[in-house]
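Chain by chain, the residues:
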Amino acid sequence: MSLLPDRERAPDGAISPQEMVPSRKNVVLVDGVILNGPATDVKAGEKFVEDACRLIMKEVVLKATDINEKVCEWRPPEELKRLLDLELRDAGEPHHRLLQRCQDVIRYSVKTNHPRFFNQLYAGLDYYSLVARFMTEALNPSVYTYEVSPVFLLVEEAVLKKMIEFIGWKEGDGIFNPGGSVSNMYAMNLARYKYCPDIKEKGLSGLPRLILFTSAECHYSMKKSASFLGIGTENVCFVKTDGRGKMIPEELEKHVQEAKKEGAAPFLVCATSGTTVLGAFDPLDEIADICERHGLWLHVDASWGGSALMSRKHRRLLQGIHRADSVAWNPHKMLMAGIQCCAFLVKDKSDLLKRCYSANASYLFQQDKFYDVSYDTGDKSIQCSRRPDAFKFWLAWKALGTLGLEERVNRALALSRYLVEEIKKREGFKLLMEPEYANICFWYIPPSLRQMEEGPEFWAKLHLVAPAIKERMMKKGSLMLGYQPHQGKVNFFRQVVISPQVSREDMDFLLDEIDLLGRDM
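First, a word on scope: everything that follows refers to the structure included in this document. Keep in mind that what you see is a predicted model, and the values were worked out from it rather than measured.

Moving on: the overall build of the protein. On a plain count of helices and strands, the protein comes out with 16 helices and 15 strands. For the protein, the spread of C-alpha atoms along the three principal axes comes to 105 × 60 × 40 Å. Relative to its 521 residues, the protein shows a buried fraction of 50%. A sequence separation of at least 24 residues applies to 70% of the contacts in the protein between residues at least 6 apart. Here the protein displays about 26100 Å² of accessible surface, and carbon together with sulfur accounts for 54% of that area. Distance between charge centres in the protein, computed from 70 positive and 70 negative side chains, equals 2 Å.

Another aspect to go through is the packing of aromatic side chains. Within this structure, the stated rule accounts for 18 aromatic pairs. Look at Phe117 and Tyr122: their rings are 5.9 Å apart centre to centre, the planes differ by 45 degrees, and that puts the pair in the tilted class. The class of Tyr122 is partly exposed, set by a relative accessible area of 27%. Through a chain of ring-to-ring contacts, the aromatic side chains of Tyr146, Phe370, Tyr371 and Tyr375 assemble into a single cluster. In this arrangement the basic side chain of Arg116 is found over the ring face of Phe509, its NZ or CZ atom lying 3.7 Å from the centre.

Either a parallel or an antiparallel arrangement is found when strands of a sheet pair, and the pairing is made through backbone hydrogen bonds. Across the sheet, seven strands lie side by side as E5-E11-E10-E9-E8-E6-E7; this open sheet has mixed pairing. Sheet topology places strand E5 (173–177) and strand E7 (236–239) at the edges, where each strand pairs with a single neighbour. Neighbour-to-neighbour, the strand axes of this sheet turn through a mean angle of 20 degrees, independent of strand direction. Here strand E6 (residues 210–215) pairs with E7 via four bridges, running parallel. When the sheet's bridge partners are listed, Phe213 is paired in E7 with Cys237. The sheet strands contacting helix H11 (residues 284–294) are strand E8 (265–272) and strand E9 (297–301), and the helix crosses E9 at an angle near 155 degrees.

What counts, and at which threshold
Residues numbered from 1 in each chain as written. Predicted model: local features only at pLDDT ≥ 70, side-chain atom pairs only at ≥ 80, totals over all residues. Heavy atoms only, no water. Helix = DSSP H or I, 4+ residues; strand = E, 2+ residues; numbered from the N terminus. Buried < 20%, exposed > 50% of the residue type's maximum accessible area, 1.4 Å probe, protein only. Contact = heavy atoms within 4.5 Å. Areas by Shrake-Rupley, 256 points an atom, 1.4 Å probe, with all protein chains shown as cover. Lys, Arg positive; Asp, Glu negative; His and termini not counted. Charge placed at Lys NZ, Arg CZ, Asp CG, Glu CD. Phe/Tyr/Trp six-rings, centres within 6.5 Å; stacked < 30°, edge-to-face > 60°. Lys NZ or Arg CZ within 6 Å of the ring centre and 35° of its normal. Pairing = 2+ DSSP bridges. Axes fitted to C-alpha atoms, helices over the stretch in contact; angles between N-to-C directions.

See below:
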């Protein structure tokens, strides 16, 4: 280290005390790096943040509900790469060019806040959760210990307590994590740990063949979790569903008994409340009876359907969920808390979650801290750094109240009902089935196929219709709607209603636009 004053030393070589204090006139160098003052231009940075916030407000927030704006500005990948200039270079760019980059990112991104974005199981803009996200991004906290995240740990505790109450448990535990897929993995691993606690230290060696059971309509994360945890996808038993996509309890009972006869060790049943495509709800009470009879952990993947618990009118869809051992519930879906906001909830209150996942890192979770270390909840997570996702949901809940969240669910399902009735009235539209949630699955049959007999040729041609219409709607930018084949049925549209910004007029537009885009096929 060198101290380089810009004035002459005293003739005798002595240095005064004032000269020993680094100042603007004393440049301190370490390894050739000047350490005086901040390395960034604070004023310029603040100005950039102000300008960028104005841009976000104008181009994202104010245009979020404008139906005259496009849902997407479609460009093929190679063209989009050129438009965005993604190359990273040695020299930085001036702020006016960075703001143009931000403008381009907004322009060519899909507007998931748009009232006519129906493509996924999330949509719309909740202003309160958006502000919460701005705050947490600015504060940049990590939720593992009370000392670094006191407010957000207490917020998470309060939100989890309330969600546990809506499930119907008297007490419980839980944690927010990045996605329903991760919640399902938590459940699978926790159920296995409960079945065989030694696995945490001794690993898989010596264990019997573990087998779990889930619906044929379950989320694909169940298969991924089994692979990731070393259980193996061949040990995931997919139980047959009925015509509405619900697990058949008698089939589950049969598979459990067969597994035991084969010498396998059943340990988990994963039921689904709100399947991804059909929106089906498994019969939880009957499944819980089987789990109790055979001593199996019951996990309910309510990532999509859990929000119906907020509605007194629709919570019957999850009848029996209070009997589950664990639940996955994503407020970022129907309740619009902003991606990602996902809770994994456990009925157990004996610290099972912490015993399963703790690693006792001494540099974080010291037991001799000056405050109550029970608030250092990060050791029950598989993560170290963790975002304060509960805050988004908390602020929206504070703003709207329980009644406001309930109205959000009720309105979405009422709009779904309206769309179903309109589909029934219109020529060329055909429902797959009567929905029980917000998933409306239907075919559009263009005029050229309406007089054709429903044989192999008809279905082969109909299979091509939804992808072609999807391409046209995206290139036009008028709306976004998902489609898929499913369980032997050819491609059909899946319409999902979530956002309170969506109106009856948007439902009418959806059907009109599909007919407009597909009538010449």
